[in-house]
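Chain by chain, the residues run as shown.
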Protein chains: 2
Amino acid sequence: MGASERARRVAIVGAGFAGVEAAKTLAKNGVDVLLIDRHNYHTFIPMLYQVATAVLYPHQVVYPLRRLFRNFPQVRFVQTEVEKIDFERQIIHHKGVGINYDYLVIATGTQTSYFGVPGAQEYSLSMRTLPEAIALRNWIFSKFEEAAKTIDIEKRQRLLTFVIVGGGPTGVELAGALKELLDSTLRKDYLCLNPKQARVILLQSGEDLLTSYPQHLGKYAARFLRNCGVKVNFNSKVCKVTQEAVHLEDGNTLFTNTVIWTAGVLAATPIIRQSIETADREKVIVKPTLQISQYPNVYAVGDLSYVESQGQDFNGVAQEAIQQGRTAANNIVRELIGKSPQKFAYYNKGRLAIVGRHGGVGKIGKFTFTGFLAWWMWLYVHLFYLPGIRNRMGVLFNWLKCYFEGEGASRIAINNTTCNNKD
Amino acid sequence: MGASERARRVAIVGAGFAGVEAAKTLAKNGVDVLLIDRHNYHTFIPMLYQVATAVLYPHQVVYPLRRLFRNFPQVRFVQTEVEKIDFERQIIHHKGVGINYDYLVIATGTQTSYFGVPGAQEYSLSMRTLPEAIALRNWIFSKFEEAAKTIDIEKRQRLLTFVIVGGGPTGVELAGALKELLDSTLRKDYLCLNPKQARVILLQSGEDLLTSYPQHLGKYAARFLRNCGVKVNFNSKVCKVTQEAVHLEDGNTLFTNTVIWTAGVLAATPIIRQSIETADREKVIVKPTLQISQYPNVYAVGDLSYVESQGQDFNGVAQEAIQQGRTAANNIVRELIGKSPQKFAYYNKGRLAIVGRHGGVGKIGKFTFTGFLAWWMWLYVHLFYLPGIRNRMGVLFNWLKCYFEGEGASRIAINNTTCNNKD
């Protein structure tokens with residue numbers, strides 16, 4: 001442990017892909033770690049949209065953190081909301097208590113940006129956490145129930161119109177899955193509703209979907225979604241959201257009770273007492289070693305960090321976060337034994353997105369592909385990376401059930417209206 | 001369909017055991033039914049405590065109503081909260097809309113009674129619905145997390161003290177399961193906490209547990225729970241609940257952050273425009289045919305009804321509700337073809353309660369039994385009655401996992417703090 005007399009305290013804030021990988025890497029190197037998160041579970045974010053569309057059950061896409069680290073006694077976990085971090089004094093403040101650290105890894109990911117669009121935050125749904133994905137699932141089924149009991153045709157049309165804002169991977173994946181859910185649910189369980197009345201509308205501000213992929217993959221995704229019956233509207237900029245409509249800059253109005261916002265992303269950096277340099281989308285600028293230049297004992301990794309002069313294009317996929325978490329942890333281990341930290345080198349394993357049944361897009365190295373192969377690879381890769389053998393079995397079962405029977409998870413809306421006051 | 005010119009409209013309010021059985025019976029006899037419930041799923045209430053103690057997943061103890069009746073096109077479902085029922089005009093009011101009926105079955109079950117104890121409703125948790133059971137699970141794990149991060153010994157003791165009010169079947173079953181949960185979770189996942197500090201205290205106002213069973217079964221349950229480490233306090237009447245304590249009539253105070261109220265039961269009858277006769281616990285008095293005497297086209301069944309001059313002792317077990325639902329439905333069918341309704345005759349299949357691992361109590365006819373046999377029968381019977389083959393498989397898997405590994409479902413606390421405003 002170097003020349004220091006006492007063990008150095010290492011803290012990690014955020015137990016997403018980057019934070020968990022950093023904690024594991026440190027623990028494997030025999031370093032004690034304090035891991036902090038606001039939830040007591042790790043969320044497998046790429047599959048949240050399948051909870052929202054009732055393909056999977058909530059517990060299948062998360063993993064309890066204490067169980068994840070049961071065999072890593074070096075990792076101590078604290079569930080709390082961090083209020084403020086003081087880089088000078090090296091203290092993490094939460095609920096009136098301070099936690100001291102010698103090394104810190106910040107890995108708190110991203111939050112939704114509404115670009116200041118009036119009503120967007122208030123009246124649209126988001127899907128960034130498990131509670132939000134569950135709330136979205138409950139919301140969707142409530143709209144079906146409301147539609148089933150209204151005789152007002154316009155109101156029913158509004159209840160059965162689902163608008164997704166943002167044509168990135170999340171928006172595209174959700175649009176395809178939601179359309180499948182509408183088709184199968186309405187056909188089987190709502191004989192009083194006309195499935196043709198149910199619409200999924202995907203709004204994209206630019207002229208292409210999936211702009212982080214080569215253009216022809218975005219074109220493929222748009223074609224695929226349209227074939228499935230999703231309405232894909234390009235050059236559609238939202239200027240206002242209300243409880244019953246989305247207003248577009250071109251003057252059009254879409255009447256809907258459900259707006260799902262997947263468009264904007266901002267770094268979700270905790271409040272820092274000192275001012276630090278940030279880049280586009282408020283990302284924290286870090287050196288190629290992932291250290292913050294003014295505070296070299298602080299590492300920022302994953303979606304909230306912007307790696308300087310890397311010359312590489314990061315898109316917020318899980319692999320980037322995992323590899324950055326590992327690099328930061330290894331750098332701390334190096335520092336502890338008196339070595340200097342190394343630069344982060346991203347090994348690009350490629351990327352995949354799913355568009356619908358038998359439809360996906362992928363890019364591995366210079367090779368791009370679409371259709372069945374990409375779809376199948378997405379399923380395979382995500383199943384492989386999902387933590388927990390039981391979760392994997394359960395997810396596989398639900399996918400097969402969904403594939404052959406058209407329904408994966410139970411279509412239940414657990415609303416909180418009857419909850420007691422304490423919750 | 002008798003002499004009437006148009007089809008008679010039959011409505012059922014409440015999709016618990018009684019309501020679902022009534023709907024199925026009517027449908028099988030070719031009668032169209034409107035089924036109303038505030039949730040879009042049927043809850044298998046006897047297993048809710050296993051959701052609260054993370055043995056089972058929420059979806060495993062409920063069944064979507066539309067799926068339950070997918071093969072019964074005679075059953076139309078409406079998810080809504082009934083505001084008021086007018087027995088004279090034969091109208092069910094909900095959200096400003098009126099639903100007319102010719103025959104009505106009320107099966108809305110029970111609600112918690114706090115006997116006017118100050119603070120009880122405000123500061124104690126209940127476990128009567130799925131959202132409440134989930135909230136209780138989240139609450140329990142949050143207390144573990146809070147205890148893990150406090151260094152104040154008294155506060156930690158308070159956080160790890162769980163008080164259950166009421167020594168009926170729910171209280172007894174919950175006490176045993178909660179103690180098992182505490183033991184296994186703290187031993188495995190909270191190495192910083194002393195498992196001996198965690199306490200489950202069961203408060204019973206009288207001198208016996210399970211008063212609806214023969215006395216020696218209650219004695220057995222108390223002995224069994226005490227052997228497991230549950231503190232069972234008799235003659236303990238709660239006179240006040242606060243955020244941090246339970247005050248007893250004998251002057252004692254138990255410091256705790258968690259009070260689970262299983263003690264009181266009241267009929268959860270919807271608001272009726274007319275005044276009707278009620279018995280003890282506000283139960284609706286019905287004739288032996290289950291009809292309300294002033295309004296013979298209205299049937300009240302299940303836990304909310306009090307059958308006059310029956311000479312039998314009803315205890316709110318599922319079988320009573322199921323058989324009453326069936327009788328009410330058959331009586332409506334009889335009326336529709338011009339026959340007169342028949343008296344309800346309860347076929348007592350016996351009753352079972354589980355106390356803990358390998359421990360249960362049972363009574364079938366005059367025969368009573370305890371221990372392994374009762375425990376095993378409880379599991380068998382409840383698995384048998386659970387709707388849905390997949391739920392059964394999943395529940396069996398979780399039980400086996402819990403039995404051999406000491407943990408069934410994921411120990412996750414899904415709090416709503418990060419939920420968006422729309423929820």
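Nothing here was measured: the structure is a model prediction, and the numbers come from that model.

Here is what the cut-offs are and how they apply
Residues numbered from 1 in each chain as written. Chains lettered and ligands numbered in written order. Predicted model: local features only at pLDDT ≥ 70, side-chain atom pairs only at ≥ 80, totals over all residues. Heavy atoms only, no water. Domains from an automatic or database assignment. Helix = DSSP H or I, 4+ residues; strand = E, 2+ residues; numbered from the N terminus. Buried < 20%, exposed > 50% of the residue type's maximum accessible area, 1.4 Å probe, protein only. Pairing = 2+ DSSP bridges. Expected span 1.5 Å × (residues − 1). Arc of directions from axis to C-beta. Contact = heavy atoms within 4.5 Å. 1 Å grid on protein atoms, 1.4 Å probe; cavity = no way out; pocket = protein on both sides within 12 Å on 5 of 7 lines; lining within 4 Å. Points joined across faces, edges and corners; volume = space filled by probe spheres on them. Nonpolar A, V, L, I, M, F, W, Y, C, P; charged D, E, K, R; others polar. Patch = residues over 30% accessible without salt bridge, like charges linked within 9 Å, V, L, I, M, F, W, Y side chains within 5 Å. Areas by Shrake-Rupley, 256 points an atom, 1.4 Å probe, with all protein chains shown as cover. Salt bridge = Lys/Arg side-chain N within 4 Å of Asp/Glu carboxyl O. UniProt positions renumbered as here; feature names shortened; annotations may be inferred. Phe/Tyr/Trp six-rings, centres within 6.5 Å; stacked < 30°, edge-to-face > 60°.

Asks: Describe the domain arrangement of chain A, with residues and values.
Replies: Under the domain assignment, chain A is made up of domain 1 (10-38 + 80-109 + 268-336) and domain 2 (113-264). For domain 1 of chain A and domain 2 of chain A, the distance between their C-alpha centroids amounts to 34 Å.

Asks: Residue-level account of unusual backbone geometry, with values.
Replies: Of note in the backbone geometry, Leu290 of chain A takes a positive phi value of approximately 75° without being a glycine. Mapped onto the fold, Leu290 of chain A is located in the loop between β20 (284-286) and β21 (298-300). Taking relative accessible area as the criterion, Leu290 of chain A reaches 0% and is therefore assigned buried. Backbone geometry at Ala54 of chain B places phi at a positive 55°, although glycine is not the residue there. Position of Ala54 of chain B relative to the elements: it lies in the loop between α2 (48-52) and β4 (62-64). For Ala54 of chain B, a relative accessible area of 1% puts it in the buried group.

Asks: Help me get a handle on the pairing of strand β5 (residues 75-79) of chain A, residues and values and all.
Replies: Residue and element names in this part refer to chain A. Summarising burial for β5: four of the five residues are buried, a large majority. Here strand β2 (residues 33-37) runs beside β5; their pairing, made up of five bridges, is parallel. Its bridge partner lying in β5, Asp37 is registered against Gln79.

Asks: How would you sum up helix α11 (residues 389-405) of chain B? Please name residues and give values.
Replies: With 17 residues, α11 of chain B should cover 24 Å at 1.5 Å per step; its first-to-last C-alpha distance of 24 Å lies within 8% of that length. All of the buried residues along α11 of chain B are Asn391, Gly394, Val395, Asn398, Trp399, Lys401 and Cys402 of chain B. Summarising the axial view, the buried residues of α11 of chain B lie within an arc of 165°, below the 170-degree limit, and thus occupy one face. When the buried face of α11 of chain B is taken as reference, the exposed residues oriented beyond 90 degrees from it are Ile389 and Phe404 of chain B. If you follow the buried residues of α11 of chain B, they end up packed against α11 (389-405) of chain A together with α2, β4 and α10 (372-385) of chain B. Immediately downstream of α11 of chain B, the backbone of Gly406 of chain B shows phi near 80°, a positive value.

Asks: Can you tell me about empty space enclosed by the protein, naming the residues and giving the values?
Replies: Tallied over the entire structure, the rule returns four cavities of 30 Å³ or more. Volume-wise, the largest cavity comes out at about 80 Å³. Lining of the largest cavity is provided by 13 residues; of these, Asn40, Pro64 and Arg66 of chain A together with Asp189 and Arg411 of chain B occupy positions nearest its centre. Looking at the lining of the largest cavity, the elements that each hand over two or more residues are α3 (65-68) of chain A together with α5 (130-149) and α7 (169-189) of chain B. The element that contributes the greatest number of residues to the lining of the largest cavity is α3 of chain A, accounting for three residues. Among the residues forming the lining of the largest cavity, the class breakdown is four nonpolar, two polar and seven charged. Estimates place the volume of the second largest cavity at around 60 Å³. If you trace the second largest cavity, you find it lined by Phe141, Glu145, Thr185, Asp189, Tyr190 and Arg411 of chain A together with Asn40, Pro64, Leu65 and Arg66 of chain B. Mapped by element, the contributors of at least two residues to the lining of the second largest cavity are α5 (130-149) and α7 (169-189) of chain A together with α3 (65-68) of chain B.

Asks: Go over a nonpolar patch on the surface, please, and point to the residues and values.
Replies: On the surface, Phe372, Trp376, Tyr380, Phe384 and Tyr385 of chain A cluster together into a nonpolar patch covering about 590 Å² of accessible area. Looking at the element boundaries, Tyr380 of chain A is found in helix α10 (residues 372-385).

Asks: Tell me about the UniProt feature "transmembrane region" (unreviewed entry) in chain A, and name the residues and values.
Replies: UniProt tags residues 367-386 of chain A as "transmembrane region" (unreviewed entry). As annotated, residues 367-386 of chain A comprises 70% helix and 20% strand, and the C-alpha atoms at either end are separated by 25 Å.

Asks: Provide a residue-level description of the pattern of salt bridges, including the pertinent values.
Replies: Any two side chains of opposite charge can pair if their charged atoms end up close together. All chains considered together, the criterion is met by 32 salt bridges over all chains. Among the salt bridges present, the one from Arg411 of chain A reaches Glu407 of chain A, with a minimum N-O distance of 4.0 Å. Pair check on accessibility: Arg411 of chain A and Glu407 of chain A agree, each one buried. Its salt-bridge partner being Arg67 of chain B, residue Glu407 of chain A comes within 3.8 Å of it at the nearest N-O pair. Linking Glu407 of chain A in the segment after α11 with Arg67 of chain B in helix α3, this pair reaches from one chain into another. Assigned by exposure class, Glu407 of chain A and Arg67 of chain B land together as buried. Each of the salt bridges in this network shares a partner with another, and the network as a whole consists of Arg67 and Arg70 of chain A together with Lys188, Asp189, Glu407 and Arg411 of chain B.

Asks: Could you give an account of the pairing of strand β16 (residues 245-248) of chain B, naming the residues involved and the relevant values?
Replies: Residues and elements named next belong to chain B. Sheet topology note: the strand β15 (residues 238-241)/β16 ladder contains three bridges and is antiparallel. By the bridge assignment for β16, Val241 is matched with Val246. Here β15 hands over to β16 after three residues, the two strands then running antiparallel side by side. Relative to strand β17 (residues 253-255), β16 is paired through three bridges, and the arrangement is antiparallel. Bridging from a neighbouring strand, Ala245 pairs with Phe255 of β17. The hairpin turn running from β16 into β17, its antiparallel successor, is four residues long, and Gly251 in that turn takes a positive phi close to 95°.

Asks: Please set out the packing of aromatic side chains residue by residue, giving values where relevant.
Replies: Residue and element names in this part refer to chain A. Scanning the entire structure with this criterion turns up 34 aromatic pairs over all chains. Arranged with centres 5.6 Å apart and planes meeting at 75°, the rings of Phe17 and Phe44 form a pair that is edge-to-face. Highlighted residues: Phe17 in helix α1 (residues 17-28) and Phe44 in the loop between β3 (41-43) and α2 (48-52), separated in sequence by 27 residues. Like Phe17, the residue Phe44 is buried in the burial classification. Judged by centre distance (6.2 Å) and plane angle (65°), the rings of Tyr49 and Trp378 are edge-to-face.

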